[in-house]
Amino acid sequence: MAIVEETAGGVVSRTAEEAEMAPARKSGFRRRLSRFLHNRLAVAGTLVLLFLLLVAMLVPWIAPYPDDVADSLNFDAVLAPPSLQHLMGTDEVGRDVLTRVMFGARWSLAMAAIVLGIAVTLGVPLGLCAGYYGGVLEQILMRLTDGFSAVPALVLALAITVLLGPSLLNAMVAIGFVWWRGFARIAHGQTLSKKQETYVVVARSLGASDLHVMFREILPNISSPLFVSLALNAGYAVLTGTALSFLGAGARPPTPEWGQMVASSRNYLPQGWWASLFPGLAIFVTVVSFNLLGDGLRDYFSEE
Amino acid sequence: MAEPVVRLTSLRVDFHTADGVEQVIRDVTLRIDPGEIVGLVGESGCGKSVTAKLLLGILPMPPARLKNGTVEMFGRDLAMLGAVERDTLKKHVAYVPQDPSAVLNPSFTIASQMIDMIVWYESDRRLLEYFRRRHSKRHVARAHDFAAELLGKVQIADPDDVLRRYPVQLSGGMRQRVLLAMALSGRPKLMIADEPTTALDVTVQKRTIDLLKDLAQREHLAGLYITHDLGVAREICARTYVMYAGTTVENGPTAELLDRPLHPYTRGLVEAIPSLAGGLPHAIAGQVPDYLSPPPGCRFAPRCGEARDLCRAVPESVIREGRREVSCWLYERETVA
Amino acid sequence: MRFLSRLANMLIVILFVSIFMFVLVRVLPGDPVGAALGEGATKEQIDKFRTQMGMDKPLEVQYAVYLRGLFDGHFGPSLIEPRDVGDIVWERLPATLELVLCSLMLAIVLGVPLGIVAATHRNGPIDQLSRLWSLTGVSFPPFWAALMLQLLLGAALALVPITGRMSGPPPEHFTGLYLVDALLTGNLSAFGDALHHLIAPTLVMAVGPLAQITSMVRSTMLDELAKPYVSYNRAVGMPSFLINYKYALRNAFSSTLTLIGFLFPIMIGGAFIVEKVFAWPGIARFGADSILANDYNAIVGVTLVVCLFVVVVNFVTEELYSALDPRIRLEG
């Protein structure tokens, strides 16, 4: 039953909205899951990502022109516009764009995975420790994260990549190295707020080691914002990675990485615009899907 | 007799929510004459604030819909007026809300907020005129003086000092007084006070109530005083309406009403007050009805010790008894021969 | 007092970043000297070059030399151009500044009213559009958006020029910001020319920030509009315009201000890409080129200057923050 709210100044219609948003009938998890599933955009995003994953895994078998991944010259089909044989046209050396875009999915998903893997592995424990131990450690961490926030992520990543030697792997490492601070900050803030909770105090008084408390008690309880951040950052990871490749610091030709593809086809614009359009479009779709997933997760977890 | 300042007749308001239609106001009839303060008492959830918001024009009308009845203010039927005209009437209504801290904008000085209001009322709702005056030193100085004068009326000792401050720097009682002063800036004829002392300390409450009474008298204000506290109603209201579940079930001169309650609900309320004479208060058993599917007859019937079948089936009608009115079948029987 | 401590903080951060960049650039593998001198350089030539540049001395000494040079305004010679990095940076900075500032202004001037309208007309067309935009705006790869815009506006529609800053002669130099200089000297044709060239890159750079600002303004305004003082002001008859743009916005804006502080470094990062695509003669393009060429001094110099700017911007936003919210001033 929704009672009409009566505080002076409180807008009555808000209660009506809240009533709409909280059918307190199903159990917690199932209710949230059903909310997530009702969020059609989030579901769409997830489906697209699953589709991409599928493509990435099956591409050697389903790509129309699997040889076009690497060097392959096809002079008579250079820069051919989209047609039935080449759904996305061909690029400046005659390779099928569709095939290369499909292979590119592997690189981009791998990029997201590696970047986030590094960032999380570095950032979360650091943030946990800083929040838990406080004191000097915390101060150092704060200084580090604040200090680096002045440098644009892209710039730092670019610098590190180039200095390591331009390659896709180095790019991923560089970006991951730059991004740990976001996760560290979240982990730190969350740890601070959970530190005083009952279960932590109890565990400590029972003599649990610090490590145990941090990783078995606190960590599971702060995982939700971390997951949300993970999904949202995946999109940015892909954006940054492809940007690095575009600038020439990441993947090198003939790797069919989306950013790199846009860069090499750029020289032939405005002809052969499809060779630049489709890889970029693929990036866009991927990032949008990650963002949708992230937003959906955020809603999903926010009902705690 | 002069025209009533406020007249609500057989009001019915429904709320269209995602869960269904909530029949929040079923039958409200209310009258406020010039210069008199009328009380509106009832428990939480009975619709007092909805009524107030309706009068103030801040009830969001898409979810809420006026299904029946009329709302007349200053002799004009509000339904006949356009939005702009209705907004113009607001100047004559002094709104005293419940929580003064929540209602003052923390980022602006008292002077700034008061002057904004004063100049706006002066400009007769013309934006360009407002901007001109707001930026003219002469007008602002005049408004500042008027603000100081208003603050003096609410017994603030050092108006200029208060004007310079931000809301966060004032005490709760001060803020309520500032709000009272702001309410007077449009030279109002009607005051609508929605539980204005609930958020204050008990010691401050008495002073604020005395101030309100005093102001109403001096400024010749009519008023609607909403409260759940019968004692306060007795202090300040000439006449009082008792409201239950969206219906005005009883009304009359306050002292008479509280000393000799007619409606079973009113009786329950009065008995629920702890008294020095003796005994623990009796709470009224039961709960406010579900507005989504309210009982067809008298809404109090499920909780009423004297309810009969008629009460449960048919909505009650209003019976007059001298200066008092009550909506209850119990009294119908007595008047029918 | 707090002002001074923040100032000190700022300087520490800059110092720290300078050390980090300095060390990083020299410690990691990759040989810029060989790259700069070209394939045919002999070992003697390389060694001589290194001695000339002072690269054979220990790291701390190099750093001390470098710091001293900084005070004179010398950032060290660049490897790509035969000049001091400081001079190059100084010359090219206004171009990037102009670009970033214009984009930021565009994002704010468009984003704030859009956010307010989205909040006041909830679920209306503008709200839905802005929510869609919030999602897509941040998902565009900037380099791709830049290229597509170039194609569309430049090639297909031939509406605006797509490279460079000016087609004709630039206005007299006062600030280096062409728009400002043109106005100062009354050079309307130069003004128009510069503006014309600014359109495409500014649009690309503003896309993401616009989306984020709109979204932030919208959600903070929604929160603010639900507060009691808003319905109080409506009850007493104050006009919507005043309530939205003066009262609610003032309180809601602090989060947006923080966001703007965040966006600034990101926009500078974006400039690295946009300047490359549009052949914009700014510091970011120089930075990108120097990174790819392993030009030590240039990399450190550019990073330092970028850092300095971001820190200053953060400082300013923090000051604005406390100006907006008197509670911070009074209690802090």
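Quantities reported herein were computed from a predicted structural model and do not represent experimental measurements. (Residues numbered from 1 in each chain as written. Chains lettered and ligands numbered in written order. Predicted model: local features only at pLDDT ≥ 70, side-chain atom pairs only at ≥ 80, totals over all residues.)

(A) A look at the overall build of chain B. Of the regular secondary structure elements, chain B holds 14 helices and 12 strands. Against the 2.2 N^0.38 benchmark of 20 Å for 337 residues, chain B shows a C-alpha radius of gyration of 21 Å, consistent with a compact globule. Considering only C-alpha atoms, chain B reaches an extent of 70 × 50 × 45 Å along its principal axes. Within chain B, buried positions represent 46% of all 337 residues. Expressed as a percentage of contacts within chain B between residues at least 6 apart in sequence, the contacts between residues at least 24 apart total 65%. (Helix = DSSP H or I, 4+ residues; strand = E, 2+ residues; numbered from the N terminus. Rg over C-alpha atoms; globule rule 2.2 N^0.38 Å. Buried ≥ 20, exposed ≤ 12 C-beta atoms within 10 Å, placed from the backbone. Contact = placed C-beta atoms within 7 Å.)

(B) Focus on the overall build of chain C. On a plain count of helices and strands, chain C comes out with 14 helices and zero strands. When the elements of chain C are put in sequence order from the N terminus, they spell out α-α-α-α-α-α-α-α-α-α-α-α-α-α. Out of the 332 residues belonging to chain C, those deemed buried represent 45%. Residue pairs in contact within chain C that sit at least 24 positions apart in sequence constitute 69% of those at least 6 positions apart.

(C) Structural context of the interface of chain C and chain B. At the junction of the two partners, chain C supplies 20 residues and chain B supplies 22 residues. A per-element tally of the side of chain C that touches chain B places helix H10 (residues 228-235) of chain C first, with six residues. Of the residues in the side of chain C that touches chain B, the class split is 13 nonpolar, three polar and four charged. (Nonpolar A, V, L, I, M, F, W, Y, C, P; charged D, E, K, R; others polar.)

(D) Spatial organisation of the interface of chain A and chain C. Residue-level contacts link 38 residues of chain A with 42 residues of chain C. The set of elements that each furnish at least two residues to the side of chain A that touches chain C consists of helix H5 (135-149), helix H6 (153-164), helix H10 (223-247), helix H11 (258-266) and helix H12 (273-301) of chain A. Tallied by class, residues from the side of chain A that touches chain C come to 25 nonpolar, 11 polar and two charged.

(E) Quick look at the nonpolar core. Counting residues in hydrophobic clusters, the biggest one holds 269 residues, and the most contacted among them are Ala157 and Leu158 of chain A, Tyr95 and Ile192 of chain B together with Ala146 of chain C. Ranked by residues supplied to this core, first place goes to helix H4 (residues 97-133) of chain A with 19 residues. Here Ala157 of chain A is in contact with Ala174, Ile175, Val178, Thr240 and Leu244 of chain A, once residues within four sequence places are set aside. (Core = buried A, V, L, I, M, F, W, Y, C linked by C-beta atoms within 7 Å.)

(F) Spatial organisation of the pairing of strand E3 (residues 37-41) of chain B. Residue and element names in this part refer to chain B. Of all five residues that make up E3, five are buried, and the element is covered over most of its length. What you see with E3 is no split at all: Ile37, Gly39 and Val41 on one side and Val38 and Leu40 on the other are buried throughout. With five bridges joining them, E3 and strand E8 (residues 222-227) adopt parallel strand pairing. The partner of Leu40 across the bridge, within E8, is Ile226. Sheet topology note: the E3/strand E9 (residues 239-244) ladder contains four bridges and is parallel. In the sheet register, Leu40 faces E9, and the bridge partner there is Tyr241. (Pairing = 2+ DSSP bridges.)

(G) The environment of Ala113 of chain A, seen in detail. Residues and elements named next belong to chain A. Assignment of secondary structure puts Ala113 in helix H4. You can call Ala113 partly exposed: it has 13 C-beta atoms within 10 Å. Separated by 142 residues in sequence, Ala113 and Thr255 place their C-alpha atoms 18 Å apart.

(H) Fine view of unusual backbone geometry. Here the phi dihedral of His220 of chain B falls at roughly 55°; this positive angle occurs in a residue that is not glycine. Note that His220 of chain B resides in the loop between helix H9 (202-218) and E8. Unusually for a residue other than glycine, Ala279 of chain C sits at a positive phi of about 50°. Tracing the backbone through its elements, the reader meets Ala279 of chain C in the loop between helix H11 (240-277) and helix H12 (283-292). We classify Ala279 of chain C as exposed; it has 12 C-beta atoms within 10 Å.

(I) The arrangement of helix H9 (residues 210-221) of chain A in detail. Residue and element names in this part refer to chain A. With 12 residues, H9 extends 16 Å from end C-alpha to end C-alpha; this agrees with the ideal 16 Å at 1.5 Å per step. Along H9, the residues classified as buried are Val213, Met214 and Ile218. The arc enclosing the buried residues of H9, seen along the axis, measures out at 90°, which places them on a common side. In H9, the exposed positions that point more than 90 degrees away from the buried face belong to Leu211, Arg216 and Pro220. Looking at the buried side of H9, the elements it contacts are H4, helix H7 (168-194) and helix H8 (198-205). (Expected span 1.5 Å × (residues − 1). Arc of directions from axis to C-beta.)

(J) Fine view of the packing of helix H5 (residues 85-120) of chain C against helix H6 (residues 125-137) of chain C. All names here are of chain C. For the pair H5 and H6, interaxial distance at closest approach is 7 Å and the crossing angle is 125°. Classified by the angle between their axes, H5 and H6 sit oblique to one another. For the crossing formed where H5 meets H6, the hand is left-handed. Between H5, through Leu114, Gly115, Val117 and Ala118, and H6, the contact on the second element is made entirely by Ile126, Asp127 and Ser130. (Axes fitted to C-alpha atoms, helices over the stretch in contact; angles between N-to-C directions. Parallel < 35°, antiparallel > 145°, perpendicular 65-115°, else oblique. Left-handed = near helix turned anticlockwise from the far one by under 90°.)

(K) Expanded view of the environment of Ala42 of chain A. All names here are of chain A. One can find Ala42 in helix H3 (residues 40-62). For Ala42, a count of 24 C-beta atoms within 10 Å gives the class buried. Linking Ala42 and Leu297, residues 255 residues apart in sequence, is a C-alpha distance of 8.0 Å. What Ala42 contacts, discounting residues up to four positions off in sequence, is Phe36, Leu292, Leu293, Asp295 and Gly296.

(L) Examining the domain arrangement of chain B more closely. For chain B, the domain assignment lists domain 1 (6-92 + 225-327) and domain 2 (103-187). Of note, the centres of domain 1 of chain B and domain 2 of chain B, computed from C-alpha atoms alone, are 33 Å apart. (Domains from an automatic or database assignment.)

(M) The environment of Tyr225 of chain B, seen in detail. As for its placement among the helices and strands, Tyr225 of chain B is situated in strand E8. Each C-alpha atom of the pair Tyr225 of chain B and Phe131 of chain B lies 35 Å from the other, and the pair is 94 residues apart in sequence.

(N) Local environment of the confidence of the model for chain B. On average, residues of chain B carry a pLDDT of 83, and 95% of them reach 70 or more. Within chain B, the element-level pLDDT minimum falls on helix H14 (residues 329-335) of chain B, averaging 65, and the maximum on E3 of chain B, averaging 91. (pLDDT = per-residue confidence, 0-100.)

(O) Representation of the packing of H6 of chain A against H7 of chain A in the model. Residue and element names in this part refer to chain A. At a minimum axis distance of 8 Å, the contact between H6 and H7 shows a crossing angle of 140°. When the axes of H6 and H7 are compared, the pair comes out oblique. Two packed elements cross with a definite hand, and for H6 against H7 that hand is right-handed. Residue-level contacts link Ala153, Leu156, Ala157, Ile160, Thr161 and Leu164 of H6 to Asn170, Ala171, Ala174, Ile175, Phe177, Val178 and Trp179 of H7. In terms of residue class, the contact of H6 with H7 is built from 11 nonpolar, two polar and no charged.

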